[in-house]
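Chain by chain, the residues run as shown.
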Amino acid sequence: MAANNTTDEHFEGADFDEDVDDEQMVSTNSGRKRLFSKELRCMMFGFGDDKNPYTETVDLLEDLVIEYIAETTHRAMEIGRTGRVQVEDIIFLVRKDQRKYARVKDLLTMNEELKKARKAFDEIKYVGTEGKLK
């Protein structure tokens, strides 16, 4: 019985210490704006998580995403023109990972198609308004 009391006291002290750490984390994180939490929640739901995942899980995942983006950006800045990130640098970094490379190529192709479609739409819109002015 005495051993159980000792372990209970130990756990109670540990709980108190965790609460202090949680308060410190909340105060440091409260000033930091969460950039991707909405998107990450949707992605997590799409991959089979609960519709409303734990905030701590979303925050952890967001920290990992931001860390990955920061590391990739720093690595890209060291390649090519120092201090600048260019599309070619990102392509160079992901070239050995076929899934990432294919996704980057897909997104770049889609971006070009969207630019062309916007340009065509703006030209049609411009021609349409020019005819009304005359």
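It should be emphasised that the depicted structure is a prediction, and the values quoted were computed from it without experimental measurement.

1. Some details on the overall build of the protein chain
Per the secondary structure count, the protein chain includes five helices and zero strands. Across the 134 residues in the protein chain, those meeting the buried criterion constitute 10%. Taking the intrachain contacts of the protein chain between residues at least 6 apart in sequence as the baseline, contacts between residues at least 24 apart amount to 26%.

2. Focus: the confidence of the model for the protein chain
Averaged over all residues, the pLDDT of the protein chain is 79; the fraction at 70 or higher stands at 71%. Confidence scores differ between elements of the protein chain, with helix α1 (residues 2-30) showing the lowest mean pLDDT of 39 and helix α2 (residues 37-46) the highest of 96. Taken together, the stretch residues 1-29 has pLDDT below 50 and engages in one contact with residues farther than four places along the chain or on a different chain.

3. Remarks on the side chain of Arg 34
Mapped onto the fold, Arg 34 is located in the loop between α1 and α2. One polar contact links Arg 34 to Asp 59, side chain to side chain, over a distance of 3.5 Å. At 3.0 Å, the side chain of Arg 34 forms a polar contact with the side chain of Asp 63.

4. Thoughts on the packing of aromatic side chains
Counted by the stated rule, this structure contains zero aromatic pairs. Between Lys 51 and the ring centre of Phe 45, over which it is positioned, the NZ or CZ distance is 5.9 Å. Between Arg 95 and the ring centre of Phe 92, over which it is positioned, the NZ or CZ distance is 3.8 Å.

5. So, the packing of helix α3 (residues 55-78) against helix α4 (residues 87-94)
For the pair α3 and α4, the least separation of the axes is 9 Å and the interaxial angle reads 110 degrees. Comparing their axes, α4 and α3 come out roughly perpendicular. Crossing of α3 over α4 shows right-handed handedness. Taken together, the residues of α4 that come into contact with α3 (itself represented by Thr 72, Arg 75 and Ala 76) are Asp 89, Ile 90 and Leu 93. Partitioning the contact of α3 with α4 into residue classes produces three nonpolar, one polar and two charged.

6. Here's the deal with a nonpolar patch on the surface
Taken together, the side chains of Leu 107, Met 110 and Leu 114 make up a nonpolar region of the molecular surface, amounting to roughly 260 Å² of accessible area. Tracing the sequence through the fold places Leu 114 in helix α5 (residues 98-133).

7. Comments concerning the pattern of salt bridges
Opposite charge on two side chains allows them to pair when their charged atoms are near. Counted by the stated rule, this structure contains five salt bridges. Note that Arg 34 is salt-bridged to Asp 59, the shortest N-O span being 3.5 Å. Of this pair, Arg 34 sits in the loop between α1 and α2 while Asp 59 sits in helix α3, and the two are 25 residues apart along the sequence. For Asp 63, the salt bridge is made with Arg 34, and the minimal N-O distance between the two is 3.0 Å. Here Asp 63, found in helix α3, pairs with Arg 34, found in the loop between α1 and α2; they are 29 residues apart in sequence, far enough to count as distant. Among the residues examined, Asp 63 registers a relative accessible area of 31% and is labelled partly exposed. Connected through salt bridges with shared partners, the residues Arg 34, Asp 59, Glu 62 and Asp 63 form a single ionic network.

Rules behind the numbers
- Residues numbered from 1 in each chain as written.
- Predicted model: local features only at pLDDT ≥ 70, side-chain atom pairs only at ≥ 80, totals over all residues.
- Heavy atoms only, no water.
- Helix = DSSP H or I, 4+ residues; strand = E, 2+ residues; numbered from the N terminus.
- Buried < 20%, exposed > 50% of the residue type's maximum accessible area, 1.4 Å probe, protein only.
- Contact = heavy atoms within 4.5 Å.
- pLDDT = per-residue confidence, 0-100.
- Polar contact = N/O pair within 3.5 Å; in protein donor to acceptor, adjacent residues only side chain to side chain.
- Phe/Tyr/Trp six-rings, centres within 6.5 Å; stacked < 30°, edge-to-face > 60°.
- Lys NZ or Arg CZ within 6 Å of the ring centre and 35° of its normal.
- Axes fitted to C-alpha atoms, helices over the stretch in contact; angles between N-to-C directions.
- Parallel < 35°, antiparallel > 145°, perpendicular 65-115°, else oblique.
- Left-handed = near helix turned anticlockwise from the far one by under 90°.
- Nonpolar A, V, L, I, M, F, W, Y, C, P; charged D, E, K, R; others polar.
- Patch = residues over 30% accessible without salt bridge, like charges linked within 9 Å, V, L, I, M, F, W, Y side chains within 5 Å.
- Areas by Shrake-Rupley, 256 points an atom, 1.4 Å probe, with all protein chains shown as cover.
- Salt bridge = Lys/Arg side-chain N within 4 Å of Asp/Glu carboxyl O.

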